Every structure is written in C-alpha cells, then in structure tokens.
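# Geometric and topological summary
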Amino acid sequence: MKALNEMKLSFDSRSSNEAFARTAVGSFIAQLDPTVAELSDIKTAVSEAVTNCVVHAYGDSIGKISINVKIIDSNTVSIRIRDTGVGIENVKQAMEPLYTTSPDDERAGLGFAVMQSFTDGVRVNSKVGKGTTVTLLKRIACRVNNG
Amino acid sequence: MYSQSSYDGKSLTVYLKGEIDHHSARAIREATDSLIQTNKPKSLRLDFSGVTFMDSSGIGLIMGRYRMMNLYGGSARAVNVPGALERIMNLSGLSALNIIEKRGESCEGSE
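To keep things clear, this report deals only with the structure shown in the data block.

About the cut-offs
Residues numbered from 1 in each chain as written. Chains lettered and ligands numbered in written order. Predicted model: local features only at pLDDT ≥ 70, side-chain atom pairs only at ≥ 80, totals over all residues. Heavy atoms only, no water. Buried < 20%, exposed > 50% of the residue type's maximum accessible area, 1.4 Å probe, protein only. Helix = DSSP H or I, 4+ residues; strand = E, 2+ residues; numbered from the N terminus. Pairing = 2+ DSSP bridges. Phe/Tyr/Trp six-rings, centres within 6.5 Å; stacked < 30°, edge-to-face > 60°. Lys NZ or Arg CZ within 6 Å of the ring centre and 35° of its normal. Contact = heavy atoms within 4.5 Å. Buried area = accessible area lost by both parts, 1.4 Å probe. Salt bridge = Lys/Arg side-chain N within 4 Å of Asp/Glu carboxyl O. Polar contact = N/O pair within 3.5 Å; in protein donor to acceptor, adjacent residues only side chain to side chain. Nonpolar A, V, L, I, M, F, W, Y, C, P; charged D, E, K, R; others polar.

With that settled, consider the pairing of strand 3 (residues 76-83) of chain A. Residue and element names in this part refer to chain A. With 6 of its 8 residues buried, strand 3 lies for the most part within the structure. Linking strand 2 (residues 64-73) back to strand 3 in an antiparallel pair, the connection comprises 2 residues. Where strand 3 lies against strand 5 (residues 131-139), 8 bridges are found, and the strand directions are antiparallel. Bridged to Arg-82 within strand 5 is Thr-133.

See the structure below:
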C-alpha cells in the first residue's frame, strides 16, 4: 500500500509504554485534522492492540512491539501493530467478544471487539510461535475547511 | 490513577483521574480493593468525572469491583461517566446491569 506519509516505532512490551504508543500514533495522525472522537477512537483501538502484545504475545517476558502508521490518503489511515510473540492459535475464537485467556487479570475479553467497533477494519495475521500482526484501518471524515 | 476517596460510613467513593489502561488499572485496582477491605462499605461509587481516556481495561476494573462488592453483599456503581466514555461502556454490556450513571445523572442519595 502506497502512503502519503509514514512513520515507524519500535519499543519494549512494557505496560508503561501503552500510553506512549497510543499518544504517539495520535500525534502523527493529528495532521489529518481528525475530530476529538476520531482521535479518541484511534487511541482506544491502538491501546487494545498494544495491550494484547504486552499481556498475551510476550506474557512475563519482554519483547519488541513495532507500529507502522501509513496515511493512505487525506482521509484514510492504516495502523499496523506487530509482535514476535507466541501467536494466536485460533484467531476467530480470540476475536469473539468476552473470550479471554486471562480472566484472573480482569481482562474483559473485549480487546478485538473494541478494535472492530472503533475502527473501519481490523485484519489479524498470526502464526503460533512467530507472532501476530494486527492492521487497523480508520477513515477520517472530510471536513469543510474554511481556513 | 486514583486521586482521592471519601467514605461516609456507608458509601465509599473513589475519584478516578487521568487515563485508565492496562498499566494504570493495576494501581487503581490495588488501592480500591484495599479501601474496600478496610472500610467494608455498603456501596462503592467509582467516580469517572476526572477520567480523560479509558480502554477495555476500565471495563475489567468495573466488573471486578462489581463482583467483589457483590461478594460482600454490597453494590457498586460507575458514576459521572463523561460522554466520551459512553461508547465503550455501552459496548461492554455493563449498561444492562444498570450500574452506569452518566455525568449529570443522579439517582444516588435518594434512599
């Protein structure tokens, strides 16, 4: 996919980086002049995807999470969140609302449901033992520009 | 993070502040649970008026406290929920439990 603009990030899968990741993606996308709601949607979806990497992909170990954001055109953004962790055996099941493998940690099992509800497309590629790539597509509504 | 709390002998209110995610939820959970165990309140109010961001970790936080308060024979509510958080609250199905009060709504204190 060609991009008008692109950025890449790589960081440790520490929970303290969850806020950094969503804020950094939000800052990059700000150039498209999204509404507060659109920006909040993107930050929420990115937070869910990054949390999945921290909690599930790497568990008790620390690995690398990489994010690649592409501005496809003036109102479409693609955000790819990739880890090289344990992978997901059954992606379809993992995406079912309320399905969680960590109920003790009070995970609500809503991560993918939130991503799906707050973006315009979620694609998941995963290989057990190799890692998972989540691609989020979000459309930013065109706004009348007076200035 | 949680900033402060108040307890009137019956109801415990915990005022949440800032961004709630998987990272910050842990500290909120530990602090809130310790307040519940110390005070054994009849009802718990999680006040969301100072919350600027929340992902599904906040849902887990509410559900966990709801279960804990039920175990003690008490009740739990999320109050003063800002408009920006309504969508994620609705998605969670928590609204079906009737424990979410939007900002401006008030059905507490009438008993």
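A separate point is the environment of Val-36 of chain A. All names here are of chain A. Along the chain, Val-36 turns up in helix 2 (residues 36-57). Residue Val-36 is classed as exposed on the basis of its relative accessible area of 72%. Distance in space between the C-alpha atoms of Val-36 and Ala-19 is 17 Å, their sequence separation being 17 residues.

On to the packing of aromatic side chains, then. Considering all chains together, one arrives at 1 aromatic pair over all chains under this definition. Measuring from ring centre to ring centre gives 5.8 Å for Phe-11 of chain A and Phe-20 of chain A, while their planes differ by 85°; the resulting arrangement is edge-to-face. For Phe-11 of chain A, a relative accessible area of 7% puts it in the buried group. A relative accessible area of 39% means that Phe-20 of chain A is categorised as partly exposed. For the cation-ring pair, Arg-87 of chain B lies above Phe-118 of chain A, with the distance from its terminal atom to the ring centre recorded as 4.2 Å.

What follows is about the interface of chain A and chain B. The partner chain B presents 20 residues to the 23 residues of chain A that form the contact. Ranking the residues of chain A by area buried against chain B places Arg-22, Glu-106 and Leu-110 of chain A at the top, with a combined share of 30%. Connecting chain A to chain B are 5 salt bridges. A salt bridge links Asp-21 of chain B to Arg-22 of chain A; the shortest N-O distance between them is 2.8 Å. Connecting chain A to chain B are 12 residue pairs in polar contact (both at pLDDT 80 or more). Taken together, the elements giving at least two residues each to the side of chain A that touches chain B come down to helix 1 (17-29), helix 2 and helix 4 (111-118) of chain A. Classifying every residue of the side of chain A that touches chain B gives 8 nonpolar, 7 polar and 8 charged.

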